[in-house]
Amino acid sequence: MSEFAVQLKNITKTFGSVVANNKVDLNVRKGEILALLGENGSGKTTLMNMLSGIYRPDKGQIFIDGTKVYIDSPEDAKKLGIGMIHQHFKLIEKFTAADNIWLGIEDEPFDLKDKFRHVDSLYPCENLDKAALRKQKMRRLSVKTKLCFSALNYKIVNYFRTAFLNGSRFDKVNKVAHDFGFDLDSRKKVCDMAVSEKQTLEIVKVLYYGANILVLDEPTAVLTVQEIEKLFSILRKMKEKGCAIIIITHKLNEVLEISDRVTVLRKGENVGTIVTKDADEQLLTELMVGEKVDLKIECEKTDFDETLLKVQNLTVQNSEGTNAIDDVSFELRSGEILGVAGISGCGQKELCESIAGLCPVKSGSIMYGNENIAGKHPLDIINMGISMSFIPEDRLGMGLAGSMNVADNMILKTYRNAKGFMPKSFLYPFVDRKNAKALANKVVEELEVSTPDVDKIPVRRLSGGNVQKVLLGREIEGNPRVIITAYPVRGLDINSSYCIYDILNREKRKGTGVLFVGEDLDVMLALCDRILVLCHGKVMGIVKHNQSTKEDLGLMMTGTGYDEIYKDEVKEEAVTNG
Amino acid sequence: MAEKDLTKKKQAPLIRITKRAHANKWFSIGIYVGAIVIALLIGAVLIASVKVDPFAFYQKMLTIGTIGNKFAYKNIENFIASFVPLLLTSLGLSLSFKMRFWNIGGEGQFIIGAITSAALAIAIDDALSPILMIIVMALGGGIAAGIYGLFTAVLKVKFGTNETLMTLMLNYIALYLLKYFQTRHGTDFFLNPNSARPIFNLLPENSWMITIGGIGRFSLNISLIFALVFTVFIYIYLNKTKHGYEICVVGDSKRTAQYAGMNVSKVILRTMFFSAFIIGMASAFHVSTTNTLSESITNDVGWTGIVVAWLARLNPIGVVIASLLISILQFGCVQACATYSAVDSNVADLLQGIILFIVLASDFFIRYKVNIDLSYFRRRKEQKAAPAFAEATAVSEPTSDVTSDNEVQAVICDANAESSDVTAAAVEEIKTEAFEQPEKSETVITADLPHSDTESEANAPAEEEKQDSDVIESTEKTDDSEKSEAEKSDTLKKTAKKTSTAKKTVSAKKETVAKPKQTTKKVSGSSAKAKTGGAKKAVKTAKEDK
């Protein structure tokens, strides 16, 4: 009916005093991939949530296939063929793939009204005398009564068909998945699935429900390079079938690779839509940020040469009793950034936490100077005067107390300290809030954290980038010698990300050793001096940033050994050495 | 199909709920006060239903029966005696709630504290001076209750048990322990030796609560002073000290606390002990005030305390206000019920429930803003008036105009039933006209009128008036409803004529679309008499015209 599958017109949405979307227009054609680009808090997800019925717009209209619609709930969106794949998967871990799909299946609606109309047309009442009219009406009535019974029957049968699980659902789901060209084991439980499998399941789910408008919210954030390629090929296939696809992402290279057009949002407003062919990274960034941004990540050489942290044969078990970290050895030198690459869940978390003293160590040693800190309590590590900062992946669940304000969070590690003349900290029972506020103001100013207040607003209410800045700011204030950071830019927009990279580089120049657990290989290759690749808790190798490529790293992450990839070089080395 | 359905049914909603950015402090207080007033009004209706003047009742209740009472001082003393345990218990509970440790074992801890302090009082008898005695009782009761609470915390820390279930079950153990002491079982430690029935003995005089006399016959229970001082202490403890800071962090996220190097287990054990300690102390004061144990010693403070703590948002100062409110409610209600025997004394519980319910519900208005979109009604009217047109433009099936069809049918049925004196032929005439008309108009529209419905809506009334004015001169003097009837039949007739002659202007076509809807509605709305009269006239004019 219409050229556009989705048209959003003049959409405005406010949350309290915050304008999340301001008069946003957006159209997607059928068989087109539209990338939605914008910084954190620019309203991308809000906009898509309105399309998928989670929020309702304050003003503006939504047109699907040229028809004006009101989407009140996700149910409505589903009926309109809109399927959203959220950043955080909405799956039930303990269910099988098929059951997760089965969960949302609805009965085919039995349109009684439509059938009645049909009856009316079969028994016309026009141009009849009174007796004939009465007869005709009786006929209508009897047919309609029968229809009512059959509708009831249909409902009951359908209820029994869907309410009780039978084995055929696995085959059905498998068949549908296969028809769409996916590789899915419908009997597998979600908790046993890898991230990319979960994502595939999410896509199959919305397709099974008959979606022809797909919305993907940061689908690539948790995938490896190879998985991303696979996802993109799926998306291209969907596009050929005539689906309209909207993809939200922070990663410009992906935007350029996959999309047909790009719509850029800035501060809740649509600042422009460009055909991807005419765009490049620089242009998109400028549109997003609103000013020129230097997109170069520096990797300076520093002259420090001191071993800060020496990890030897470290083995750590996870809660299930398997080795999450298996015989890992490496050194962290001062003035360098050591990257840790790997598919998520390959032991990065355990590695960081065991160094920070939060995870029990099974065997091996972690030497800081001459002291072995393996298996020590975090308080002991703090008390030993080891200036080490751990910036955890889970910012609000671990690094910060979400319901406390910025000032209170600043003293999370130092609240025990004595104040002024008190010789021992335990003699002074009070928390030093004055100092905390001063510190908070300093951090807010230095790192340009945007927050209305340091001692009224809970940290939880700040945006992702600002939360990370608060956390990083607090850790840097302690002048650490070692910084361990896990996914410091996850979920952050481009501007905040580069700000974080700058801060890390500044620390590196001061002679700090940084352990950087990351996911974006391009960034890691540009930022880190060396990259350690983990696969299932084992070190596959440590490569220098200027001697490796993204593809090599990707292969190593999936289990190919360093020696295998660098066969020739290893041989050469062997020759020269031998 | 689904899309079409949605466009038909779904409208932008009347009420839309949005989140508030920041609730103004005074606004929230206003909402709470408003909620309490509403709750009291609902209570007033209930009280009035048993033929008691609710305002007199409330006056009695809110002044806790002091006005016009010779023994007003007694009332205040008793009120304080019931207020202090509630205040202290709520404080203790809010401490553990702050750590998100769901201690709902206030009842049990209170009973254990009471048993222990009573045992101490009986055992020590008159060996200590009254002041020391009360201190010993408070400490003893506190420590016993603390250990009772600590038990749950240890299990939680060691084995990760659910503290809610544990504390709940321990309530019953404590209660039945108390009941056991009230039976003749050999030791009879707590019982009155002079009584044949097992009743609790009066405690020795040295353990009686110290009061400060002075203001007439009223004497102040010193536990009130202690409780208020203690409130300030808890406020400082929670908000200013390192321990309070740790409680907040642990309550927020245990992982964060671990990360910050806190000993989470230690914090949980310490806080839980402290929380139960306060409750035990409250019970010691209570035992010393009432001078005896009893099965209903707790007066349900363990439960009510949970309500108070949540009403106060775990803020110690708020706890004072909330517990004061609840105490007045409970105590005042009992007093008022003594005067008005028609009202059951359980009304206090009822009112408390209503207040709590409404206050918690009013929370919604603090967190969210309710926007009412009044244009909804206008839109709905438009939508109702327009479906024939919308259908016609959207789909060109001949059967799609069912709604208008049905309406016309309904009208005819009406007319049939009510205007028996109208000749059958005339009715048939209207009927056929009515049936022909929508179909024709529909085809006309689909052919050459792809306008929006609102446009035709706007145009129609004006034209209607203009065209009607010259035809219906005779009906001008009749009343309004009759006139509208005449208009209706007129237009019906006219449109019928037009469709048959097939010589019409575009504007007239528009009219035909909008008319039948409006006119049919008018018919069903107006009185039967007017209807029959109008129908008659319509038929007449129609005949004349022909």
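For clarity, every value in this text was computed on a predicted model and none was experimentally measured. (Residues numbered from 1 in each chain as written. Chains lettered and ligands numbered in written order. Predicted model: local features only at pLDDT ≥ 70, side-chain atom pairs only at ≥ 80, totals over all residues. Heavy atoms only, no water.)

On to the overall build of chain B. Counting its regular elements, chain B contains 22 helices and four strands. Across the 546 residues that make up chain B, the buried fraction comes to 48%. A fraction of 75% describes how many contacts in chain B between residues 6 or more apart in sequence connect residues 24 or more apart. When the accessible surface of chain B is totalled, it reaches about 26200 Å², and 63% of it is carbon and sulfur. (Helix = DSSP H or I, 4+ residues; strand = E, 2+ residues; numbered from the N terminus. Buried < 20%, exposed > 50% of the residue type's maximum accessible area, 1.4 Å probe, protein only. Contact = heavy atoms within 4.5 Å. Areas by Shrake-Rupley, 256 points an atom, 1.4 Å probe, with all protein chains shown as cover.)

Further remarks concern the confidence of the model for chain B. Residue and element names in this part refer to chain B. Summary statistics for chain B give a mean pLDDT of 74 and a share of 67% for residues scoring 70 or more. Taking the mean pLDDT of every element in chain B, the minimum, 40, falls on helix H18 (residues 424-448) and the maximum, 95, on helix H11 (residues 264-290). Per-residue pLDDT stays below 50 along residues 1-9; that stretch engages in 21 contacts with residues further than four places along the chain or on separate chains. Under a pLDDT of 50 for its full length, residues 495-539 has, in the predicted model, 77 contacts with residues more than four places off or in other chains. (pLDDT = per-residue confidence, 0-100.)

Moving on, we get to the sheet that holds strand S8 (residues 244-248) of chain A. All names here are of chain A. Taken in spatial order, the six strands make up an open sheet running S6-S7-S8-S3-S9-S10, and their pairing is mixed. Looking along the sheet, the strands with just one partner apiece sit at the ends: strand S6 (82-85) and strand S10 (269-275). Neighbour to neighbour, the strand axes of the sheet diverge by 20° on average, direction disregarded. Looking at chain direction, strand S3 (residues 32-38) and S8 are connected through five bridges and run parallel. Considered in S8, the bridge of leucine 36 is made with isoleucine 248. Against the sheet, helix H8 (residues 225-240) makes contact with S3, strand S7 (213-217) and S8, and its axis sits at roughly 150° relative to S8, the strand it touches most. On top of the sheet, helix H10 (residues 281-289) reaches S3, strand S9 (261-266) and S10; it is set at about 30° to S9, its chief contact. (Pairing = 2+ DSSP bridges. Axes fitted to C-alpha atoms, helices over the stretch in contact; angles between N-to-C directions.)

Residues and elements named next belong to chain B. Two elements in contact, helix H5 (residues 106-124) and helix H6 (residues 130-159), have axes whose closest approach is 8 Å; the angle formed by their N-to-C orientations is 140°. As summarised for this structure, H5 and H6 are arranged oblique, according to the angle between their axes. At the point where H5 passes H6, the crossing takes the right-handed sense. Between H5, through Gly108, Gln109, Ile112, Gly113, Thr116, Ser117, Leu120, Ala121 and Ile124, and H6, the contact on the second element is made entirely by Met133, Val136, Met137, Gly140, Gly141, Ala144, Ala145, Tyr148 and Gly149. (Parallel < 35°, antiparallel > 145°, perpendicular 65-115°, else oblique. Left-handed = near helix turned anticlockwise from the far one by under 90°.)

All names here are of chain A. Inspection of every chain in the model, using the stated rule, returns 28 salt bridges over all chains. Lysine 30 serves as the salt-bridge partner of aspartate 65, at 3.3 Å between the closest nitrogen and oxygen. One end of the pair, aspartate 65, is in the loop between strand S4 (59-64) and strand S5 (67-69); the other, lysine 30, is in the loop between strand S2 (18-29) and S3, with 35 residues separating them in the sequence. A residue is classified by how much of its surface remains accessible, and aspartate 65, at 18% relative accessible area, is buried. Between aspartate 120 and lysine 144 there is a salt bridge, with the nearest N and O atoms lying 3.3 Å from each other. Of the two residues, aspartate 120 sits in helix H4 (residues 112-122) while lysine 144 sits in helix H5 (residues 130-163), which places them 24 residues apart along the sequence. Residue classification places aspartate 120 among the buried positions, given a relative accessible area of 12%. Overlapping salt bridges, with partners in common, bring together Arg29, Glu32 and Arg261 in one network. (Salt bridge = Lys/Arg side-chain N within 4 Å of Asp/Glu carboxyl O.)

This part covers a positive patch on the surface. Taken together, Arg460(A), Arg461(A), Arg100(B) and Lys254(B) make up a surface patch of like positive charges. By the secondary structure assignment, Lys254(B) is in helix H10 (residues 254-259). Overall, Lys254(B) belongs to the partly exposed group, its relative accessible area being 36%. (Patch = residues over 30% accessible without salt bridge, like charges linked within 9 Å, V, L, I, M, F, W, Y side chains within 5 Å. Lys, Arg positive; Asp, Glu negative; His and termini not counted. Charge placed at Lys NZ, Arg CZ, Asp CG, Glu CD.)

Below, the discussion takes up the packing of aromatic side chains. All names here are of chain B. Per the counting criterion, the structure on display carries 21 aromatic pairs over all chains. Taking the centre distance of 5.9 Å and the plane angle of 55° together, the rings of tyrosine 180 and phenylalanine 181 count as tilted. Take tyrosine 180: its relative accessible area is 42%, and that puts it in the partly exposed class. Each ring, one from phenylalanine 226 and one from phenylalanine 230, has its centre 5.4 Å from the other, and the planes form 25°; the classification is stacked. Taken together, the residues span about one helical turn, with phenylalanine 226 and phenylalanine 230 both in helix H8 (residues 222-240) at a distance of four residues. Residue classification places phenylalanine 226 among the partly exposed positions, given a relative accessible area of 31%. (Phe/Tyr/Trp six-rings, centres within 6.5 Å; stacked < 30°, edge-to-face > 60°.)

What follows deals with the sheet that holds S2(A). All names here are of chain A. Spatial ordering of the open sheet is given by S2-S1-S4-S5, a layout of four strands whose pairing is antiparallel. Of all strands in the sheet, those bounded by a partner on one side alone are S2 and S5. When the angles between neighbouring strand axes are averaged without regard to direction, this sheet yields 25°. Relative to S4, strand S1 (residues 4-15) is paired through five bridges, and the arrangement is antiparallel. Of the residues in S4, the one forming a bridge with threonine 12 is lysine 59. Sitting on the sheet, helix H1 (residues 44-51) is in contact with S1, S2 and S4, with an inclination near 120° to S1.

Here the focus is the nonpolar core. By size, the foremost hydrophobic cluster in this structure holds 238 residues, and its most contacted members are Ile355(A) and Phe57(B). With 13 residues, H11(B) is the single largest residue contributor to this core. Counting 27 residues, the second largest nonpolar core, distinct from the first, contains Ile11(A), Leu47(A), Val69(A) and Val215(A). (Core = buried A, V, L, I, M, F, W, Y, C linked by side-chain atoms within 4.5 Å.)

Let us look at the side chain of Asp552(A). Locating Asp552(A) in the fold gives a position in helix H19 (residues 550-557). Those residues in contact with Asp552(A), other than ones at most four positions away along the chain, are Ile565(A) and Tyr566(A).

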